[in-house]
Amino acid sequence: MNMNFLMPTELIMGKDCVVNNASVFSRYGKKAMLVTGCNSAKQNGSQEDVLKALNLQNVDYVIFDKIMANPTIDIVYEGAAFARENKVDFIIGIGGGSPMDAAKGIALLAAQEISQENLFSGIYENSVLPMIFIPTTSGTGSEVTKYSILTNDAAQTKTSIASPVIFPKVAMIDAKYTESVNLTTTINTAIDALSHSVEGMLCNKANPISNLLAKDAIRKIAECFTQLQEGSITSESREKLIYASALGGIVISQTGTTAVHAMGYSLTYFKHVDHGRANGLLLGEFLEFVEIKKPELVHEILECMNLSSVSEYKNIMAKLLGKKELITQEEIEQYANIAMKAKNIPNSVVVPEQEDLIHIFQKSFQ
Ligand code: NAP
Ligand code: FE
């Protein structure tokens, strides 16, 4: 068996794990930079816990709380300049995927000069500021991935900095921070996590360990489908979701994602569809596309959800996603053309042609 499995991020999970593991922060230096979104970290208790832990350890800090959803290249360069000016030793990313992804770009650019033209080249030196991440949504798994996904206006899509250099040192995972996530974001992020695990199994780099993790994540998320549909999510389910999200992150760090993510980026870039929702709108039709050539694989995935057909799966997604956006044939052709250039297209066990992407888009928005 040939296999590669790299997971260098230390995982610390559980209630109050940030304050209970305060000494972790002082391992990485005397001055930290917190990278957060504008509001949520201040409201869900995560920033307060981090500051408590830093004070306990006499670690100084500065706060950069400007990260918007789908972070831009500019904000990452601005954050890196702020990190250099303040001579920080390490980065603490707190939030959903947007602040965590931005924090990775900041940590990289604060430690080495990279021009905008080379930002997505994948060729970097080995220097980066150490990162500790605290996720507050249950979807991206960015706390354990080697990806920083940024809005790339030049390519009119979202593009990833992908390198083992940007794996965070530590992920501190406490589901209590996700209690305040509203139902729509809880659904969308859960679908993102599901999509990572399902797509991971559909990638040609899937291996026995990544599949094991993916299946457990899919099972855990499927156990929450009813509560997500009913809009009443217990703390126990929130724990399952954040755990599954981290597993999904570990999976895609091994496998990458597929056409679903590549196509979803256009929906986010042009139509402002939330990232997880975009994946959810497309995944059912992609499963059906793969099923034609790889029926056993698709059924293995469905079994983890106790489902026997892709149409059952699509019914669940339809209930979770509600009314779909309108999309024109012209838009579909433009998005398919952009998606074909993405690095994740050839990743899949069944590689789609541009015509296939057009067909998947059309069926997804019928
Ligand atoms: P997000 O864009 O990070 O956050 C969405 C919204 O949720 C923001 O308004 C945020 O507020 C709010 N929020 C965050 N935590 C909250 C909490 N605990 N309570 C209440 N509100 C909260 O959303 P996301 O879905 O987690 O991340 C999406 C991004 O991750 C996309 O850019 C996507 O491309 C990327 N992504 C990355 C990877 C990877 O491997 N790196 C994988 C998949 C997706 P604030 O702005 O105030 O914080
Ligand atoms: Fe994603």
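Residues numbered from 1 in each chain as written. Chains lettered and ligands numbered in written order. Predicted model: local features only at pLDDT ≥ 70, side-chain atom pairs only at ≥ 80, totals over all residues. Heavy atoms only, no water.

### As for the coordination of the iron ion (ligand 2)
At this site the iron ion (ligand 2) is bound by Asp-192 (OD), His-196 (NE2), His-261 (NE2) and His-275 (NE2), with donor distances of 2.1 to 2.3 Å. Coordination at the iron ion (ligand 2) is irregular, judged from the 4 donor atoms that bind it and the angles of 80 to 165° they form at the metal. Positions of the donor residues of the iron ion (ligand 2), expressed as sequence spacing, correspond to D-x3-H-x64-H-x13-H. Of this pair, Asp-192 sits in helix 7 (residues 183-201) while His-275 sits in helix 12 (residues 275-293), and the two are 83 residues apart along the sequence. Asp-192 gets classed as buried once you look at its relative accessible area, which sits at 2%. (Donors = N, O, S within 2.8 Å, 3.2 Å for Na, K, Ca; no water. Tetrahedral: all angles 85-135°; square planar, octahedral: opposite > 155°, others 65-115°. Helix = DSSP H or I, 4+ residues; strand = E, 2+ residues; numbered from the N terminus. Buried < 20%, exposed > 50% of the residue type's maximum accessible area, 1.4 Å probe, protein only.)

### A few points about the site of ligand 1
Every one of the 30 residues lining ligand 1 counts as a neighbour, but Ser-40, Ser-98, Asp-101, Thr-137 and Lys-158 are closest to it. Interatomic distance of 2.9 Å between a side-chain N/O atom of Asn-44 and a nitrogen atom of ligand 1. Gly-97 places a polar main-chain atom, nitrogen or oxygen, 2.8 Å from an oxygen atom of ligand 1. Its free accessible area being 950 Å², ligand 1 has 86% of it covered by the protein chains. Those elements giving two or more residues to the shell around ligand 1 turn out to be helix 6 (97-111), strand 6 (147-152) and helix 7. Examining the composition of the shell around ligand 1, we find that 5 residues originate from one element, helix 6, more than from any other. Grouping the constituent residues of the shell around ligand 1 by class yields 9 nonpolar, 17 polar and 4 charged. Built from parts of two domains, the shell around ligand 1 gets at least three residues from each of domain 1 (10-176) and domain 2 (182-364). (Near = heavy atom within 4 Å. Polar contact = N/O pair within 3.5 Å; in protein donor to acceptor, adjacent residues only side chain to side chain. Areas by Shrake-Rupley, 256 points an atom, 1.4 Å probe, with all protein chains shown as cover. Nonpolar A, V, L, I, M, F, W, Y, C, P; charged D, E, K, R; others polar. Domains from an automatic or database assignment.)

### A few points about the domain arrangement of the protein chain
Domain annotation of the protein chain identifies domain 1 (10-176) and domain 2 (182-364). Each of domain 1 and domain 2 was reduced to a C-alpha centroid, and the two centroids are 25 Å apart. Contact residues are listed per partner, giving 28 residues for domain 1 and 25 residues for domain 2. In terms of surface lost to domain 2, no three residues of domain 1 exceed Ser-138, Gln-156 and Ala-175, which account for 27% of the buried area on that side. For the pair domain 1 and domain 2, the interface holds 0 salt bridges. The interface formed by domain 1 and domain 2 includes 9 residue pairs in polar contact (both at pLDDT 80 or more). Contributions of two or more residues to the side of domain 1 that touches domain 2 are made by strand 1 (10-13), strand 6 and strand 7 (157-162). (Contact = heavy atoms within 4.5 Å. Buried area = accessible area lost by both parts, 1.4 Å probe. Salt bridge = Lys/Arg side-chain N within 4 Å of Asp/Glu carboxyl O.)

### Points about helix 8 (residues 208-222)
The end-to-end C-alpha separation of helix 8 is 21 Å, in line with the 21 Å expected for 15 residues at 1.5 Å each. Among the residues of helix 8, Ser-210, Ala-214, Lys-215, Ala-217, Ile-218, Ile-221 and Ala-222 are the ones counted as buried. Buried residues of helix 8 fall within an arc of 165° about the axis and therefore sit on the same side. Capping of helix 8 at its N-terminal end is provided by Asn-207; its side-chain oxygen lies 2.9 Å from the backbone amide nitrogen of Ile-209. (Expected span 1.5 Å × (residues − 1). Arc of directions from axis to C-beta.)

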